[in-house]
Protein chains: 2
Amino acid sequence: MSELLEKLIFSRVKPRFRRVSSGIGLDEADDGATIPLSFRGHLVVSVDSYTVNPPFFPGGNIGSLAATGSINDVVVMGARPIAVLDSIVVEEGFSMRDLEVIVDSMISILEDEGVALIGGDFKVMPRGQVDKIVITTTAIGVAENPILDRPRPGDKILVSDYVGEHGAVVLLMQLGLTNVEEISKGLLKSDVKPLTKLMLPLVEKYRDCITAARDPTRGGLAGVLYEWAVKTGTLVVIDESQVPVREPVKRYSESLGVDPLYLASEGVAVLALRSECSEEVLEYVRKLGFENARIIGEVRESEMFRGYIAAETPVGGLRVVEPPRGELVPRIC
Amino acid sequence: MSELLEKLIFSRVKPRFRRVSSGIGLDEADDGATIPLSFRGHLVVSVDSYTVNPPFFPGGNIGSLAATGSINDVVVMGARPIAVLDSIVVEEGFSMRDLEVIVDSMISILEDEGVALIGGDFKVMPRGQVDKIVITTTAIGVAENPILDRPRPGDKILVSDYVGEHGAVVLLMQLGLTNVEEISKGLLKSDVKPLTKLMLPLVEKYRDCITAARDPTRGGLAGVLYEWAVKTGTLVVIDESQVPVREPVKRYSESLGVDPLYLASEGVAVLALRSECSEEVLEYVRKLGFENARIIGEVRESEMFRGYIAAETPVGGLRVVEPPRGELVPRIC
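Along each chain, residues carry numbers from 1 onward, in the same order as the chain's sequence is written. Whichever chain is written first becomes A and whichever ligand is written first becomes 1, with later ones labelled in order. With the structure being a predicted model, the display of local features is reserved for residues of pLDDT at least 70 and the display and counting of side-chain atom pairs for 80 or more, all residues being used for whole-chain, interface and lining totals. Computation of side-chain values covers all heavy atoms of the structure but excludes hydrogens and water.

## A closer look at the overall build of chain A
Spelled out, the test is: Per the convention used, a helix needs a DSSP run of H or I reaching at least four residues, while a strand needs a run of E reaching at least two, with both numbered from the N terminus. Radius of gyration: C-alpha atoms only; globule rule: 2.2 Å multiplied by the number of residues to the exponent 0.38. Here a residue-residue contact requires only that any non-hydrogen atoms of the pair lie within 4.5 Å. Under the convention used here, a 1.4 Å probe and the Shrake-Rupley method define accessible areas, while residue burial counts only the protein chains that appear. By the counting scheme adopted, Arg and Lys are positive, Glu and Asp are negative, and His together with the chain ends is not counted. Taken as the charge location is NZ of Lys, CZ of Arg, CG of Asp or CD of Glu.
When helices and strands are counted, chain A shows nine helices and 14 strands. Taking 20 Å as the expected radius of gyration for a compact globule of 333 residues, we find that chain A reaches 20 Å, a close match to that expectation. Here the C-alpha coordinates of chain A stretch approximately 65 × 50 × 35 Å along the principal axes. Across chain A, contacts joining residues at least 24 apart in sequence account for 85% of those joining residues at least 6 apart. Accessible surface, chain A: about 12,800 Å² in total, of which carbon and sulfur atoms supply 49%. Each charge class in chain A can be summarised by its mean position, and for the 36 positive and 48 negative side chains these summaries are 2 Å apart.

Shown next, in the form of structure tokens:
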């Protein structure tokens, strides 16, 4: 087991990415890791288990997804990610070659983001269903002033990029539609990517303007907006024509009878912004390279529709958008 | 899904155990949790995935094991545990009743220990092998001066309690020997229990005497001692007659051809102590209620046997104890 771990994990992580400053990290192979507390503020911690099926998909794999997903959970809370711990559980018989590619993808994202891998666990479960792998990642970040996810009436809703691409790709893969033209041409792939390049400068410059921030993974954009509406007893009104959806996602969603609003993204941020600075933030977000960012709606007070999302209709009325039910696509992340 | 989580998790955790002081915790159902940093020192973090099979065993279940195991990983590093995040992955068809019992066991241990459950994840994997559950727990603790696991030549090795009970029980269960007399009479069961009542006062009073501390889970006592010997290039010499092993564990191990030295414990600490204070610490450990604690050996310099464990033979010689190979009992934790 220790040789396996040496080959699979330790040898792949550069020394400077094995600990946080002078703390105990991967080299010690101890039961835990330490982080010297030299910063002030709040620790932000997130844990997620990734079970995506298939583990390899256009645009990434379960390793890049696990690293990205946990980093994103921390950055959308306004924190700078500093360390990750992973726990990998595979069924006996899982391809060692695949496992190496998955671990490499995970580590490569962590290194690109300057995030240390300070510890973890690895277990093999007998049984022999060879496609079974679960990766659980814990991300740790620090924030002076974490984003508390409290959108208020009047706030504008900003979406940083095209939505639903990860969900659409995994859905197509799960349906066996692996050879669709847009996938083979690279026009349609998972959007899995860390949001640090968006969120860190944004929080640095416009923290006071942001009242809530999330990444719309399971449940998609509708899922995030519903949670906000329910949590704050408000009505979220969106202009569907403004929601950025790439052409192939739109087309395949229509033909499969799903709404891109409910499809998971893995590299998109949804922000609630104070109205008076929302246009300035939108401009800044675009300047940061997210040219497809849009203001797609706003938060309103409503006696009748507390806890709902509604879409504006062409004739000026409102149509209630259904909350996501269950998981539209299982094992999406 | 949100109703399931409400029923299964949220409703079971008392409000004061849902966050750390003013941080973001379970109530927010956010992507992550926060911990206000009002302490000085080091953060200690540990992640482990639990896959024990069967998930219910005499003395506990995968829920009590997951809570205990992560707490113990943090306390043996000299830290006070303050928060846990959990991630539960079950296969579709897993009994809801069993899941509730498992979650209750986990939460009950956290509450007993005053540890908040501040966040987590829950995923269902389709497939329908009903005994499949994986719980990954992340424990977070704080320590002024973490134990760095650096045993030195001359140090004495203390074991806090009978070893091998968890491993023996799970092994018997896996072999289908579920009706052995000692199990039905409650004489043999898993020792799964948090080590806070041992480690917190011990660190408070004798931190300077402790050069290393671990809990001997996978790989058992031999596993921990081997890691220490290899890591420090020393020889660990043990007196096997001093290793506390309960009678039924001894007997079943013998008849099954395994050595209790390699069997997992889930409520035992192994300490390396500076020789001059080791007897005083032993007395204090016993006073804390661990009457079966013993000094079982010592760390020595050795040119010939760097990185080995050896047992003293009755005629005064040394016999090398083999390192644990692979996992003696798979899915023990």
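Past the structure itself, the notes keep going.
## Side note on the packing of aromatic side chains
Convention followed: Classification of ring pairs rests on two measures: the distance between centres of Phe, Tyr or Trp rings, Trp counted by its six-membered ring, which must be within 6.5 Å, and the angle between planes, read as stacked under 30 degrees, edge-to-face over 60 and tilted in between. Partly exposed describes any residue whose relative accessible area lies between the buried limit of under 20% and the exposed limit of over 50%, with all areas from a 1.4 Å probe on protein chains only and scaled to the type maximum.
If you walk through the whole model with that rule in mind, you get six aromatic pairs over all chains. Taking the centre distance of 6.4 Å and the plane angle of 70° together, the rings of Tyr226(A) and Tyr308(A) count as edge-to-face. Of this pair, Tyr226(A) sits in helix 7 (residues 220-232) while Tyr308(A) sits in strand 13 (residues 308-312), and the two are 82 residues apart along the sequence. Summarising the aromatic geometry, the rings of Tyr206(B) and Tyr284(B) are spaced 5.4 Å apart at their centres and angled 65° between planes, so their arrangement reads as edge-to-face. With Tyr206(B) in helix 6 (residues 196-206) and Tyr284(B) in helix 9 (residues 275-287), the pair connects residues that are 78 residues apart, well separated along the chain. The buried category is assigned to Tyr206(B), whose relative accessible area is 13%.

## Some words on the pairing of strand 2 (residues 42-50) of chain B
Note the cut-off: In this analysis, strands are considered paired if DSSP registers two or more bridges between them.
Most of strand 2 of chain B is tucked away: eight of the nine residues are buried. Relative to strand 2 of chain B, strand 1 (residues 33-36) of chain A is paired through four bridges, and the arrangement is antiparallel. Pairing of Ile35(A) across the sheet is with Leu43(B), part of strand 2 of chain B. Here strand 2 of chain B pairs with strand 7 (residues 133-143) of chain B via nine bridges, running antiparallel. Bridge pairing in strand 7 of chain B places Ser46(B) opposite Ala139(B).

## Observations regarding the interface of chain B and chain A
The cut-off we apply is this: Criterion for a salt bridge: a side-chain nitrogen of Lys or Arg within 4 Å of a carboxyl oxygen of Asp or Glu. Under the rule applied, a polar contact is a pair of N or O atoms within 3.5 Å (in protein, one hydrogen donor and one hydrogen acceptor; residues adjacent in sequence only if both atoms are side-chain atoms). In this classification, Asp, Glu, Lys and Arg are treated as charged, Ala, Val, Leu, Ile, Met, Phe, Trp, Tyr, Cys and Pro as nonpolar, and every other residue, Gly included, as polar.
If you look at the interface, chain B gives 59 residues, while chain A gives 59 residues. There are four salt bridges connecting chain B and chain A. In this assembly, chain B and chain A are joined by 14 residue pairs in polar contact (both at pLDDT 80 or more). Listing elements by their share of the side of chain B that touches chain A, those giving two or more residues are strand 1 (33-36), strand 2, strand 5 (80-91), strand 6 (116-125), strand 7 and helix 7 (220-232) of chain B. Tallied by class, residues from the side of chain B that touches chain A come to 26 nonpolar, 13 polar and 20 charged.

## Description of the sheet that holds strand 11 (residues 270-273) of chain A
Strand pairing in a sheet takes place through backbone hydrogen bonds and is either antiparallel or parallel in direction. Residues and elements named next belong to chain A. Under the convention used in this document: Only C-alpha atoms enter the line fits that serve as axes; for helices the fit covers just the stretch in contact. Angles between N-to-C directions range over 0 to 180 degrees.
In space, the seven strands of this open sheet follow the order 9-11-8-12-10-13-14, with mixed pairing throughout. In the strand order of this sheet, the two ends are held by strand 9 (210-214) and strand 14 (318-321), each with one partner. In this sheet, adjacent strand axes meet at a mean angle of 30° when their direction is disregarded. Bridging between strand 10 (residues 235-238) and strand 13 involves four bridges; their strand directions are parallel. Note that in strand 13 the partner of Leu235 across the bridge is Tyr308. In this fold helix 6 (residues 196-206) packs onto strand 9 and strand 11, with an angle of close to 170° to the strand it touches most, strand 9.

## A few points about the domain arrangement of chain A
Residue and element names in this part refer to chain A. For clarity, the threshold we go by: Where each domain begins and ends follows an automated or database-derived domain assignment. Note on definitions: buried area is the accessible-area loss of two parts on being combined, 1.4 Å probe, summed for both.
Parsing chain A into structural domains produces domain 1 (2-143) and domain 2 (156-320). Computed from C-alpha coordinates alone, the two centres of domain 1 and domain 2 are separated by 27 Å. Facing the 23 residues of domain 1 at the interface are 23 residues of domain 2. Considering only the surface of domain 1 that becomes buried against domain 2, Pro58, Asn72 and Val76 emerge as the three largest contributors, covering 32% of it. Linking domain 1 with domain 2 are one salt bridge, by the criterion used here. The salt bridge partner of Lys197 is Glu113, with a shortest N-O separation of 3.5 Å. Only strand 3 (56-57), helix 2 (62-75) and strand 5 (80-91) provide two or more residues apiece to the side of domain 1 that touches domain 2. The element that contributes the greatest number of residues to the side of domain 1 that touches domain 2 is helix 2, accounting for eight residues. When the residues that make up the side of domain 1 that touches domain 2 are grouped by side-chain class, the tally is twelve nonpolar, eight polar and three charged.

## A short note on the relation of the copies chain B and chain A
Just so we agree on the cut-off: Residues below a pLDDT of 70 in either copy are left out; the C-alpha atoms of the rest, at least 70 in both, set the least-squares superposition of the copies.
Expressed as a screw transformation, the operator carrying chain B onto chain A has a rotation angle of 180° and an axial translation of 0.0 Å, and the superposed copies differ by an RMSD of 0.0 Å. What the rotation and shift describe, once combined, is the action of a two-fold rotation axis. Comparing interface residues between copies, 100% of those in chain B also lie at the interface in chain A; the contact surface is shared.

## Observations regarding the environment of Ser64(A)
Residues and elements named next belong to chain A. Tracing the backbone shows Ser64 in helix 2. The spacing of Ser64 and Leu221 is 157 residues in sequence and 21 Å in space, taken between C-alpha atoms. When sequence neighbours within four positions are dropped, the list of residues in contact with Ser64 reads Ser105, Met106, Ile109 and Val192. Within the local environment of Ser64, its side chain forms a polar contact with the backbone nitrogen of Asn61, the two atoms lying 3.0 Å apart.

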